[in-house]
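Per-entry structural report
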Amino acid sequence: MKNFSNTMENGAAESTKSAANNSIDNPQKNAPLAAKENAPAAQSTNEDRLLEQSGYSARVKSFLLKNLSHRPKAFVHTYGCQQNVSDSEQLKGLLSSMGYEEASSAEDADFVLFNTCAVREHAEDRVWGNIGSLKKLKEQNPRLIIAVCGCMMQQQANADRVRRSFPYVDLVFGTFQRWRLPEFVYKRLLGSARIFVLKEEPNDIIEGAPIRRDGTFKAWVPIMYGCNNFCTYCIVPFVRGRERSREPQHILKEVEDLVADGCREITLLGQNVNSYGKNLQNPMTFAALLRKINEIPGDFRIRFMTSHPRDCTEELLSAMAESEKVCHHLHLPFQSGSSRVLKAMNRHYNREDYLKLIDLARKLMPDITLSSDIIVGFPGETYEDFRETLSLVERVRFSQLFTFIYSPRGGTPAAKLPDPVSRKEKGRWFDELLKAQERISSELNRAAVGKTFEVLCEDEGRREGYIAGRTTHNTVVEFPADRSVIGQFKKVKVTALSSVLEGTLLED
Ligand code: SAH
Ligand code: SF4
Ligand code: F3S
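Neighbouring residues of ligand 3: Gly80, Cys81, Gln83, Asn84, Cys117, Ala118, Val119, Cys151, Ile235, Val236, Val239 and Arg240. Elements with a contribution of two residues or more to the shell around ligand 3: α3 (82-97) and α8 (236-240). Split by residue class, the shell around ligand 3 holds eight nonpolar, three polar and one charged. Of the residues that make up the shell around ligand 3, three or more belong to each of domain 1 (5-197) and domain 2 (218-448).

This next bit is on the site of ligand 2. Around ligand 2 lies a shell formed by Cys227, Asn229, Phe230, Cys231, Cys234, Val236, Pro237, Gln271, Asn272 and His308. Taken together, the residues of the shell around ligand 2 break down into six nonpolar, four polar and no charged.

Viewed as axis vectors pointing N to C, helix α9 (residues 248-260) and helix α10 (residues 286-294) meet at an angle of 30°, and their least axial separation amounts to 10 Å. If you check the angle between α9 and α10, you find them roughly parallel. The two elements α9 and α10 cross, and the hand of that crossing is right-handed. From α9, Pro248, Ile251, Leu252 and Val255 reach across to α10, where they touch Leu289, Lys292 and Ile293. Looking at side-chain class alone, the contact of α9 with α10 contains six nonpolar, no polar and one charged residues.

Two elements in contact, α10 and helix α11 (residues 314-322), have axes separated by 8 Å at closest approach and are oriented at 10°. By the angle between their directions, the pair α10 and α11 is classed as roughly parallel. Listed contacts from α11 to Phe286, Ala287, Leu290 and Arg291 of α10 are Glu315, Leu316 and Ala319. Taken together, the residues of the contact of α10 with α11 break down into five nonpolar, no polar and two charged.

Each value, and the rule that gives it
Residues numbered from 1 in each chain as written. Chains lettered and ligands numbered in written order. Predicted model: local features only at pLDDT ≥ 70, side-chain atom pairs only at ≥ 80, totals over all residues. Near = placed C-beta within 6 Å. Helix = DSSP H or I, 4+ residues; strand = E, 2+ residues; numbered from the N terminus. Nonpolar A, V, L, I, M, F, W, Y, C, P; charged D, E, K, R; others polar. Domains from an automatic or database assignment. Axes fitted to C-alpha atoms, helices over the stretch in contact; angles between N-to-C directions. Parallel < 35°, antiparallel > 145°, perpendicular 65-115°, else oblique. Left-handed = near helix turned anticlockwise from the far one by under 90°. Contact = placed C-beta atoms within 7 Å.

So, in structure tokens, the structure goes:
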């Protein structure tokens, strides 16, 4: 096996010219980067950027070919929400264009990338622990390249902690610069000092970049990035920047291509899809986009997330109701059932507004199922406030809830508020909520027994010989079938409720 540790340690030819370096932090000052390579990328067009990065990809590929005696492998670990999952598919596409195959574990890889999430402390703790455990991998294989990116790294304090405490991490970049991965890898391979790039881009949307999707019949399609809402507890607007929407023609083309390739379910992604299109040159509503996607011929379903109740309009609910490909399931986070807490959260709707929306959704789509996110123990929340959350849950009867105990995020307004209720007490409220939801979910599931649904067959079930499929309502049903049905729509009759809904496949 050839050894290229020399180029890792010492500055290579590329690293000899000094330059004012505003995008690549170079604390070691031993390997400044060439001036032309630090030209501010924001001024370049989409095509310039694509071309520049594909040039770097080709150079990485030939470098690895010359210097490695095996096929290079990359391991990508994704934390956080679907937005990050989608970003990782783009990062994997770039890695693939550099010649990296997918590794099944970090131990098996020449390149390890963690795409991180900052939404709650627990998510961050996991990342820190896992970065720590990469140390011994680097000791075993000094040529291993370790990169950490995503929402956590967009925060200076976290990037600084990596710089200080994890000297074996080679590349750190935030959410705005992920499209430059080939450039970062190339420079590090050629001996640049550790790379730290957090600079915000006014426009980080790159169309036409390579993508390697995790699935074949289900796909994530981002329609917008960032968030303008600044809910007082939330870090997302600080690490993802302001709302920016993709041009509809790019989204439509992507969906058309996916459907032509046999994709059966498209999930449109954004932190707040309901405000899609406001910043486009020719503004367009999310409802209008949904109708246009629905017109694309083919046998496929459309889902979307996440919707904010503030921008959830009758126009959108009608578009859902009238578009036969759009699933009758709405994920509409309400966060708290107390109007007082909602105000403190800066959510811009109250309990009554939310309930009115739910009533309207049910009037337009009587079979619709609903899911939601809830925060328990927001600063200043009392048990009475919490009871209002509980009563809203009882009233709406969500099919699924994602519940979180409030986690203070540095830099957000809520983190400065007095928070007198103990973690233990919040834990008790949380358990009360979970218990209520378990009962509701099982009542709703029991009501499904005897009914027939069209499901998209997704994966093997929990039991041998079973397949798991998902209804338009996002309910999972398991039924005896063989793997050949995976990726197809099938009719299934629900026959029983055990720990999951069980059913039997009906003849076509
Ligand atoms: N943009 C989406 C969700 C973003 S984060 C939306 O607005 O619905 C996903 C969920 O994490 C949020 O809905 C919220 O319930 C939860 N969350 C966000 N910040 C949190 C915090 N500081 N503590 C606890 N939960 C939080
Ligand atoms: Fe965070 Fe609120 Fe934006 Fe969702 S809408 S990402 S909760 S600020
Ligand atoms: Fe986490 Fe970033 Fe998503 S903070 S929830 S990965 S947008």
